[in-house]
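Structural overview
Spelled out, the chains give:
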Amino acid sequence: MPRSAVPDAIHDILRAALSDVPQHRQEAFALRVERWWPDLHDAVTALYPDPDDVSRRLVEGAARAFAERPDDLHRLDERRLLEPDWFQQPDMFGYACYVDRFGGTLTGLIERLDHLTDLGVTYLHLMPLLTPRPGDNDGGYAVMDYRSVREDLGTTDDLRDLATTLRNRGISPVIDLVLNHVAREHDWAVKARSGDPAFADWFLIYPDRATPDAYERTLPEVFPDFAPGSFTHEADLDGWVWTTFNEWQWDLNWANPAVLIEFADIVAYLANLGIEVVRLDAIAFLWKRLGTNCQNQPEVHAITQALRATARMAAPALLFKAEAIVGPRDLLPYLGTGQHTGRVSDIAYHNSLMVQVWSMLATGRTDLARHALSTLPPTPPGGTWVTYIRCHDDIGWAIDDGDAAAVGLSGAGHRHFLADWYSGEFPGSPAEGTVFQYNPETGDRRISGTAAALAGLGPSRRDPENAFARLFLAHAVIGAWGGIPVIWSGDELGSPGDPHWAEEAGHEDDNRWIHRPRVTDADRARRHVQGSDAQRVFDGIAHIARTRAGLPMMHAEAPVDVLDGLDDGVLGITRRHPSGTLIGLFNVTGEYRQVPSDLGPRHGVDTPREVLSGTADLGGDAWWLPPYAAWWVVGA
């Protein structure tokens, strides 16, 4: 379909919907519809039997949101359209936190922004803050109302004020949008339980166990300890409801177009509050198909494309971030491949890089990481990664069996080793992580723990000096890889974890709260105490952010190539950019390792200088990297 071939009926709808909007804005919206209509209609056609009606309703919703959008956000849209690669710039540096555990309230967070700007933060991910169910709510991921904020955090007006303040300070606000499920107490689920057939079709409800049993033959369990199975019997319905995560998190039926239309309106509502990025939570699980693991189905990408096209019409400043913690081979489609290239999420989590960083630090070897990372396809144009070494969740050891076999390892054996190492059970390990959700049938053991605790700076301080070096190396890797490096709250201060995590109501059965510590004013003050753990870690990470911001080679579109032929204890990468080439060298061992000094000239860096530590000796016939050294080498 030609890009201008928007049906006449759509133009008629727009004239009516935007009659009170200034003419220049009407014209701007019409141009956006012409640009994004083919993407929208193609995606909806792949999902529903009546694509014309669904597409029309989505455009109507986008027009309403556009008409209601505040003037300052229209201006932001224009700025972002003029700089579409704004989120790929080298000065993008992220932080993620729970509002209450960092600032108490949305207003309190505003009062503590100096801590983040001193760190170099330009991207702030606020963990779930939309109204959740009372009591246990999976850390806020069981949403009861998408259009209000948790009462203890403030109001939607407070959220709008925070977003405005962040924008004025050069920080993009990011929040979670849970797509796969809602709380059992959400109004949609309440109406379904009351017998409303329209809302019953918003969920996946079965009269007996026949269909659930058929699905569960191929479904993995997400929380085998406290939420086994994927279906829950609901007495009010005398039926079985699909509940992938917990019995009080009801999976939505995305095969019903009403769900898509409602979420498109929710996305626009959040964008009009000033949110600049929505994290699409649990996106891999949206579409169910018998005989599969019901993850990464093709329709997931069509849903994302439809939502993104609609959002681009109403609020083009808004970006999508896919929370797809999946295997390496399934990762790239969330940034767009094939027919979805450039049409789905703008950002995705580089889960594979996180796992490989911890794997290298445990083994002192880079062969597995070099193979796994170099075989990933190039990042699609216009997309980028969130790179990270920790997040709010546990670490699942997503080591691909094929990657492991390629370097002479057993995938299962290596996953077992990593769980042993980071739980501190392996002899000589400095780590003090905690096993999360051990599954004896599969042998799967995930790990909870702060970055400091996993690196050797935990409560027992098993290896403090090397721990600092490991932490800087890990952050230098994610800083150099490309995309948006994001620091998890508390990790910037070297927090060993929360020893009282189990004492808070609702947390006692979920040890992930050990690495979700509260960051108090006293904690923030410690980063000013010279020689303290907090000062050393904070200043080191802030230095990485500042150095990165001044290097054009760190633009996300500069390709990353993994170097071969180096000592197996050294990971080497290049970032090639018209301004020059950056060579990243990372010694993942506790010993000095050698790199040939002609490495620079061979990669176009004729007068090399190391800009991260500023102390590297690049003379002689070889470069000697100290234990756990991280070097960023550029031309003079």
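Okay, so let's go over this structure. Quantities reported herein were computed from a predicted structural model and do not represent experimental measurements.

What to know about the overall build of the protein chain
In terms of helices and strands, the protein chain carries 23 helices and 24 strands. For 636 residues, the compact-globule formula gives about 26 Å, and the C-alpha radius of gyration of the protein chain, at 25 Å, lands near that figure. Taking the principal axes of its C-alpha atoms as reference, the protein chain extends roughly 75 × 55 × 50 Å. Across the 636 residues of the protein chain, 61% fall into the buried class. Summarising the internal contacts of the protein chain: among those between residues at least 6 apart in sequence, 71% fall at separations of at least 24. As displayed, the protein chain offers around 23300 Å² of accessible surface, 50% of which is attributable to carbon and sulfur atoms. When the 56 basic and 90 acidic side-chain charges of the protein chain are each reduced to a single mean position, those positions are 3 Å apart.

Examining the sheet that holds strand β14 (residues 384-387)
Strand order in this closed barrel of eight strands is β1-β2-β5-β11-β12-β13-β14-β17, and the pairing throughout is parallel. Between one strand axis and the next, the sheet turns by 25° as a mean value, whatever way the strands run. As defined by bridge partners, strand β5 (residues 172-178) adjoins strand β11 (residues 277-281) across five bridges and the pair is classed as parallel. Residue pairing across strands places Val178 opposite Asp281, the latter belonging to β11. Here helix α20 (residues 464-481) sits on the sheet in contact with β14 and β17 (484-488), set at roughly 150° to β17.

Comments concerning the packing of aromatic side chains
For the structure shown, the criterion picks out 22 aromatic pairs. When the centroid spacing of 5.1 Å and the interplanar angle of 90° are considered together, the rings of Phe417 and Phe426 count as edge-to-face. On the accessibility criterion, Phe417 (17% relative accessible area) is buried. Of the residues examined, Phe426 reaches a relative accessible area of 34% and is grouped as partly exposed. Taking NZ or CZ as reference, Arg209 lies 4.5 Å from the ring centre of Trp240, over its face. Directly above the aromatic system of Phe102 lies the positively charged group of Arg524, at a separation of 4.6 Å from the ring centroid.

Describing the nonpolar core
Residues Trp254, Phe263, Tyr422 and Trp632 are the most contacted members of the largest nonpolar core, which totals 193 residues. Among the elements that take part in this core, α20 stands out by supplying eleven residues, more than any other. Those residues in contact with Phe263 that sit more than four places away from it in its chain are Tyr146, Leu177, Val178, Leu179, Trp188, Leu252, Trp254 and Leu307. Ranked by size, the runner-up nonpolar core spans 14 residues in total, among them Val570, Val605, Trp623 and Ala629.

A word on the pairing of strand β21 (residues 593-596)
With burial as the criterion, only one face of β21 is covered, namely that bearing Arg593 and Val595; the residues Gln594 and Pro596 on the opposite face remain uncovered. Pairing of β21 with strand β23 (residues 622-625) involves four bridges; the strand directions are antiparallel. Paired with Pro596 across the strands is Ala622, a residue of β23.

Points about the sheet that holds strand β19 (residues 570-577)
Reading across the sheet, the five strands line up as β18-β19-β20-β24-β22 and stay open at both edges, with antiparallel pairing between neighbours. The sheet terminates laterally at β18 (560-562) and β22 (608-610), the two strands that pair on one side only. Averaged over all adjacent pairs, the angle separating strand axes in this sheet is 25°, with direction ignored. By the bridge criterion, eight bridges tie β19 to strand β20 (residues 580-587) in an arrangement that is antiparallel. Residue pairing in the sheet places Gly572 in a bridge with Leu585 of β20.

Quick notes on the packing of helix α15 (residues 351-363) against α20
Two elements in contact, α15 and α20, have axes whose closest approach is 11 Å; the angle formed by their N-to-C orientations is 145°. Seen along the crossing, α15 lies across α20 with a hand that is right-handed. Of the residues in α20, those touching α15 at Leu353, Val357 and Leu361 are Arg470, Leu473, Ala474, Val477, Ile478 and Trp481. For the contact of α15 with α20, a count of residues per class yields eight nonpolar, no polar and one charged.

The rules behind each value
- Residues numbered from 1 in each chain as written.
- Predicted model: local features only at pLDDT ≥ 70, side-chain atom pairs only at ≥ 80, totals over all residues.
- Heavy atoms only, no water.
- Helix = DSSP H or I, 4+ residues; strand = E, 2+ residues; numbered from the N terminus.
- Rg over C-alpha atoms; globule rule 2.2 N^0.38 Å.
- Buried < 20%, exposed > 50% of the residue type's maximum accessible area, 1.4 Å probe, protein only.
- Contact = heavy atoms within 4.5 Å.
- Areas by Shrake-Rupley, 256 points an atom, 1.4 Å probe, with all protein chains shown as cover.
- Lys, Arg positive; Asp, Glu negative; His and termini not counted.
- Charge placed at Lys NZ, Arg CZ, Asp CG, Glu CD.
- Pairing = 2+ DSSP bridges.
- Axes fitted to C-alpha atoms, helices over the stretch in contact; angles between N-to-C directions.
- Phe/Tyr/Trp six-rings, centres within 6.5 Å; stacked < 30°, edge-to-face > 60°.
- Lys NZ or Arg CZ within 6 Å of the ring centre and 35° of its normal.
- Core = buried A, V, L, I, M, F, W, Y, C linked by side-chain atoms within 4.5 Å.
- Left-handed = near helix turned anticlockwise from the far one by under 90°.
- Nonpolar A, V, L, I, M, F, W, Y, C, P; charged D, E, K, R; others polar.

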